[in-house]
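So the chains spell out like this:
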Amino acid sequence: MEENNGNAREEIFSKKVKAGKRTYFFDVKSTRANDYYLTITESKRKTRDDQFVFEKHKIFLYKEDFGKFVDALQEAVDHVKNDLMPEIDFSQFDQQPEEVSANEFGEELKWE
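### Examining the packing of aromatic side chains
- Inspection of the entire model under this criterion finds 3 aromatic pairs.
- For the pair Tyr37 and Tyr62, a centre-to-centre distance of 5.8 Å together with 35° between the ring planes defines the contact as tilted. Placement of the pair is Tyr37 in strand E5 (residues 36–48) and Tyr62 in strand E6 (residues 51–62), with a sequence separation of 25 residues.
- Judged by relative accessible area, Tyr37 falls into the buried class, the value being 5%.
- Relative accessible area serves as the criterion here: at 39%, Tyr62 is assigned to the partly exposed category.
- For Arg45, the ring lying beneath its charged end belongs to Phe52, and the centroid distance is 3.9 Å.

Written out as structure tokens, the structure reads:
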């Protein structure tokens, strides 16, 4: 559960995507009015003062914008694949990387 200005928000669904030094979190949460929204969080692992720190950026996406967001994202991805880099076989990036042990970084990445 996430605390937001003293108001609890229930997490309904969560998906974590590891991508090198970045991790993306897709979380569905509910409002007090039993509505739902999506948060997309990018977490970057960085070194500061000889310690690992995580810098995060968050996007809140509301139901009325889901379709527009997905359409724009797909259009941008298609433009890169088809117009800017048609010679690249993007299927090579579809393979799932091996899971990295939480002990390797000293802690599990989790947002509360």
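Moving on, there is more to tell.
### Some thoughts on the sheet that holds strand E3 (residues 11–19)
- Ordered by their spatial adjacency, 4 strands build an open sheet running E3-E4-E5-E6, and the pairing between neighbours is antiparallel. Two strands bound the open sheet, and with one partner strand each, they are E3 and E6. In this sheet, neighbouring strand axes are inclined to one another by 20° on average, regardless of whether the strands run parallel or antiparallel.
- Strand direction decides the pairing type here: strand E4 (residues 22–30) and E5, joined by 9 bridges, are antiparallel. Looking across to E5, one finds that Val28 is bridged to Leu38.

### What about unusual backbone geometry?
- Although it is not a glycine, Asn34 sits at a positive phi angle of roughly 60°.
- For Asn34, the position within the fold is in the loop between E4 and E5.
- In this structure, Asp49 takes a positive phi of about 55° despite not being glycine.
- Turning to its location among the elements, Asp49 is positioned in the loop between E5 and E6.
- Classification of Asp49 as exposed rests on a relative accessible area of 70%.

### Describing the pairing of E4
- Strand direction decides the pairing type here: E3 and E4, joined by 8 bridges, are antiparallel. The residue of E4 that forms the bridge with Ser14 is Asp27.
- Between E3 and E4, which pair antiparallel one after the other, the connecting turn spans 2 residues, and Gly20 there sits at a positive phi close to 65°.
- Here E4 folds back onto E5 in antiparallel fashion, the turn holding 5 residues, of which Asn34 has a positive phi close to 60°.

Quick notes on the rules
Residues numbered from 1 in each chain as written. Predicted model: local features only at pLDDT ≥ 70, side-chain atom pairs only at ≥ 80, totals over all residues. Heavy atoms only, no water. Phe/Tyr/Trp six-rings, centres within 6.5 Å; stacked < 30°, edge-to-face > 60°. Helix = DSSP H or I, 4+ residues; strand = E, 2+ residues; numbered from the N terminus. Buried < 20%, exposed > 50% of the residue type's maximum accessible area, 1.4 Å probe, protein only. Lys NZ or Arg CZ within 6 Å of the ring centre and 35° of its normal. Pairing = 2+ DSSP bridges. Axes fitted to C-alpha atoms, helices over the stretch in contact; angles between N-to-C directions.

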